[in-house]
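# Results of the structural survey
These are the residues of each chain, in order.
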Amino acid sequence: MKENKLADLSMAFSVDIINFCETIKGHHSLTNQLERCATSIGANIHEANYAHSRADFISKLQISLKECYETEYWLNLFAKVNFADENTIKSLYNTCGTIRRILVTSINTAKTNQ
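For the structure given in this document, a descriptive report is provided here. Note that the structure is predicted; figures quoted are calculated from it, not measured. (Residues numbered from 1 in each chain as written. Predicted model: local features only at pLDDT ≥ 70, side-chain atom pairs only at ≥ 80, totals over all residues. Heavy atoms only, no water.)

### With respect to the overall build of the chain
So the rule is basically this: Segments assigned H or I by DSSP are reported as helices when at least four residues long, segments assigned E as strands when at least two residues long, and all are numbered from the N terminus. As a reference, a globule follows 2.2 Å times the number of residues to the power 0.38, and the radius of gyration itself is taken over C-alpha atoms. Each residue is assigned to one of three classes by its accessible area relative to the maximum for its type, calculated with a 1.4 Å probe on protein chains only: buried under 20%, partly exposed between the two thresholds, exposed over 50%. Here, residues are in contact when the closest pair of their heavy atoms is within 4.5 Å. All accessibility values rest on the Shrake-Rupley procedure with a 1.4 Å probe; residue burial counts only the protein chains present in the view.
Of the regular secondary structure elements, the chain holds four helices and zero strands. Secondary structure elements of the chain occur, N-terminal to C-terminal, as α-α-α-α. Computed over C-alpha atoms, the radius of gyration of the chain comes to 15 Å, within 12% of the 13 Å expected from 2.2 N^0.38 for 114 residues, which places it in the range of a compact globule. Taking the principal axes of its C-alpha atoms as reference, the chain extends roughly 45 × 25 × 20 Å. Within the chain, the fraction of its 114 residues that count as buried is 35%. Within the chain, contacts between residues separated by at least 24 positions form 75% of all contacts whose residues are at least 6 apart in sequence. Surface summary for the chain: the accessible area is close to 6900 Å², and the carbon and sulfur share equals 51%.

Given below as C-alpha cells:
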C-alpha cells in the first residue's frame, strides 16, 4: 500500500490531541470542541482519498484546512488560559501547522491539475 504522509500525520495528530485532552480536568465542552475539529482533519483527509471527483477531493481537503484553522484557535485559547504546559501546546500547534501547510500545497496542486 502506498504511504500517505498526510494521512499518517493527521492520524498521529488525532491520537496526540485525544491524549492531550484526557489530561485536562473539567472544561469538557472546550476539550470536546478541540477533539472534534482536530480529529475531523484526518477524517476528511481519509475521505478525500475516496472522492468521486477532483472537485470532491479538493472540497474534502478544504474542509480539513478549515478544521486546522479551528484547531489552532482552540490550541491558542488553551495556551492563554494555561490549560497545559506551553511546550505541549506548542508541539501540537506546530504539528497542526505542518498539516496545514501540506494541505495548502495539496489543494493548490489539485486545483492546478484540474
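On we go.
### Some words on unusual backbone geometry
The phi angle at His27 is positive, at roughly 55 degrees, despite the residue not being glycine. For His27, the location among the structural elements is in the loop between helix H1 (5–22) and helix H2 (28–48). Here the phi dihedral of Asn82 falls at roughly 60 degrees; this positive angle occurs in a residue that is not glycine. Turning to its location among the elements, Asn82 is positioned in the loop between helix H3 (54–80) and helix H4 (86–112).

### Let's talk about the packing of aromatic side chains
What counts is decided by this rule: Ring pairs shown here join Phe, Tyr and Trp side chains whose ring centres sit within 6.5 Å, with only the six-membered ring taken for Trp; geometry is labelled stacked below 30 degrees between planes, edge-to-face above 60, and tilted in between.
Applying the stated rule across the entire model yields three aromatic pairs. Both rings, one in Tyr73 and one in Trp74, keep their centres 5.1 Å apart while their planes meet at 80 degrees; by these two values the pair is edge-to-face. Taking the relative accessible area as the measure of exposure, Tyr73 reaches 49% and is therefore partly exposed. Linked through ring pairs, Phe20, Phe78 and Phe83 together constitute an aromatic cluster.

### With respect to the pattern of salt bridges
Rule in force here: Whenever Lys or Arg places a side-chain nitrogen within 4 Å of a carboxyl oxygen from Asp or Glu, that contact is recorded as a salt bridge.
Within the structure shown, the criterion is met by two salt bridges. The closest approach of N and O atoms between Glu47 and Lys60, which form a salt bridge, is 3.2 Å. In this pair, Glu47 is assigned in helix H2 and Lys60 in helix H3, connecting sequence segments 13 residues apart. Taking relative accessible area as the criterion, Glu47 reaches 40% and is therefore assigned partly exposed. The class of Lys60 is buried, set by a relative accessible area of 16%. Here Glu72 and Arg100 are joined by a salt bridge, their closest N and O atoms 2.9 Å apart. Taken together, the residues span a long stretch of sequence, with Glu72 in helix H3 and Arg100 in helix H4 at a distance of 28 residues.

Just geometry here; none of it tells us what the structure is for.
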